[in-house]
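# Structural overview for review
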Amino acid sequence: MQHRITLREATWPADADALSLIRREVFVEEQGVPEALEFDGLDPAALHWLAIGANNEPVGTLRLLPSGQIGRMAVRESWRGHGIGSRLLDCAIQAAARHGWREVWLNAQNSRIGFYARHDFFVISDTFEDAGIPHRRMLHRIHTPIPRPAAPYSHATHTHAAQSL
């Protein structure tokens with residue numbers, strides 16, 4: 001299997017079939033999440049990303065809600081272990097930073113807490129059940145570099161620079 005992956009932003013109207021295929025396979029079929037819970041009506045308002053494999057095969061997805069919640073991250077079983085989830089997560093965090101958001105959060109399945117911790121998420125809740133699966137809420141603070149003001153121009157600085165050439 002070729003592991004060249006492309007990631008792109010997706011939209012619910014245009015990409016609902018591909019996004020739904022992945023989520024139905026991973027959450028509904030593999031994990032037993034009821035379809036009515038998986039497809040909660042929030043997708044039209046969300047930002048989505050789609051990972052595409054060979055032959056334009058949809059292999060992974062993630063959404064970011066206006067509330068700052070990252071969710072519905074799913075990678076098809078045969079494509080796991082190739083960094084797709086990390087790349088999808090990075091896309092969402094970068095988009096949140098571009099929007100000026102200071103933090104994003106998610107409800108992590110307990111078995112995935114270590115994965116999110118490696119991406120600087122930290123636990124902020126006790127364990128709770130969602131769709132019969134133990135979860136904990138995690139938060140990621142977005143650290144955007146503060147631009148430093150340019151040093152004021154001075155003749156001494158200019159002269160020193162010219163002498164060092």
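Scope of this entry: the structure provided in the associated data block. Values in this document were obtained by computation on a predicted structure and should not be read as measured data. (Residues numbered from 1 in each chain as written. Predicted model: local features only at pLDDT ≥ 70, side-chain atom pairs only at ≥ 80, totals over all residues. Heavy atoms only, no water.)

### Looking at the pattern of salt bridges
Inspection of every chain in the model, using the stated rule, returns 11 salt bridges. When the shortest N-O distance is used, the salt bridge between R76 and E25 registers 2.8 Å. A residue pair is termed long-range when its members are at least 10 positions apart, and R76 in the loop between strand 4 (70-75) and helix 3 (84-98) and E25 in helix 1 (residues 12-30) qualify at 51 residues. On the basis of relative accessible area, R76 is assigned to the buried category, the value being 14%. Here E25 falls in the partly exposed class, since its relative accessible area comes to 24%. Between D40 and R72 there is a salt bridge; the shortest N-O distance is 2.9 Å. Separated by 32 residues along the polypeptide, D40 in the loop between helix 2 (35-38) and strand 2 (47-52) and R72 in strand 4 bring together distant segments of the chain. (Salt bridge = Lys/Arg side-chain N within 4 Å of Asp/Glu carboxyl O. Helix = DSSP H or I, 4+ residues; strand = E, 2+ residues; numbered from the N terminus. Buried < 20%, exposed > 50% of the residue type's maximum accessible area, 1.4 Å probe, protein only.)

### Details of the environment of T11
Within the secondary structure, T11 sits in the loop between strand 1 (6-10) and helix 1. T11 sits 52 residues away from R63 along the chain, and the two C-alpha atoms are 9.9 Å apart. Apart from the residues lying within four places of it in its own chain, the contact partners of T11 are A16 and L19. (Contact = heavy atoms within 4.5 Å.)

### Topic: the environment of D130
Its location among the elements puts D130 in strand 7 (residues 128-130). Assessed through its relative accessible area of 36%, D130 is described here as partly exposed.

### Description of the nonpolar core
Counting 26 residues, the largest nonpolar core has I70, L89, Y116 and F121 as the members making the most contacts within it. Only strand 2, strand 3 (58-64), strand 4, helix 3, strand 5 (103-109) and helix 4 (113-117) provide two or more residues apiece to this core. Ranked by residues supplied to this core, first place goes to helix 3 with seven residues. Not counting chain neighbours up to four residues away, the residues in contact with I70 comprise L62, R63, L64, L89, A92, I93, V104, W105, L106 and F121. Counting 13 residues, the second largest nonpolar core, distinct from the first, contains W12, L19, L50 and A74. (Core = buried A, V, L, I, M, F, W, Y, C linked by side-chain atoms within 4.5 Å.)

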